[in-house]
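Fold and contact review
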Amino acid sequence: AGHVCVEVVGAEGVAPGYGFDDCDPITGDFADRLVTWKGKSKIPRRPDAPVAFRVRMYAAQLFSMRFA
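Quick notes on the rules
- Residues numbered from 1 in each chain as written.
- Predicted model: local features only at pLDDT ≥ 70, side-chain atom pairs only at ≥ 80, totals over all residues.
- Heavy atoms only, no water.
- Salt bridge = Lys/Arg side-chain N within 4 Å of Asp/Glu carboxyl O.
- Helix = DSSP H or I, 4+ residues; strand = E, 2+ residues; numbered from the N terminus.
- Buried < 20%, exposed > 50% of the residue type's maximum accessible area, 1.4 Å probe, protein only.
- Phe/Tyr/Trp six-rings, centres within 6.5 Å; stacked < 30°, edge-to-face > 60°.
- Lys NZ or Arg CZ within 6 Å of the ring centre and 35° of its normal.
- Patch = residues over 30% accessible without salt bridge, like charges linked within 9 Å, V, L, I, M, F, W, Y side chains within 5 Å.
- Areas by Shrake-Rupley, 256 points an atom, 1.4 Å probe, with all protein chains shown as cover.
- Pairing = 2+ DSSP bridges.

This paragraph deals with the pattern of salt bridges. Within the structure shown, the criterion is met by 2 salt bridges. The salt bridge involving Glu7 is made with Arg54; its shortest N-O contact spans 2.9 Å. Of this pair, Glu7 sits in strand S1 (residues 3-10) while Arg54 sits in strand S3 (residues 52-58), and the two are 47 residues apart along the sequence. On the accessibility criterion, Arg54 (44% relative accessible area) is partly exposed.

This is the structure:
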């Protein structure tokens, strides 16, 4: 089966604990699946700091992402 993993990248690089290896893989068809890293979903960051996301997919398609 295919899966999707996400890592969080800040100005200093990959956020500790939020890399691909920490991500709980997403499998299946979802329109509202919450990304988690070892069960954590809250991303620690400063409000004035930029953040980016890298997405790694295996036998998967990504149709959309939503940020709240």
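With that settled, consider the packing of aromatic side chains. In total, this model carries 2 aromatic pairs according to the counting rule given. Across the ring face of Phe30, the terminal group of Arg33 is positioned such that the distance to the ring centre comes to 5.0 Å.

With that settled, the discussion passes to a nonpolar patch on the surface. Judged by side-chain polarity, Val55, Met57, Leu62, Met65 and Phe67 come together as a nonpolar surface patch covering roughly 460 Å² of accessible area. Secondary-structure assignment places Met57 in strand S3. Assessed through its relative accessible area of 41%, Met57 is described here as partly exposed.

Time to look at the sheet that holds S1. What the 3 strands build is an open sheet, ordered S2-S1-S3; its pairing is antiparallel. The open sheet has two edge strands, strand S2 (13-14) and S3, and neither has a second partner. Strand direction decides the pairing type here: S1 and S3, joined by 7 bridges, are antiparallel. Paired with Val9 across the bridge in S3 is Ala52.

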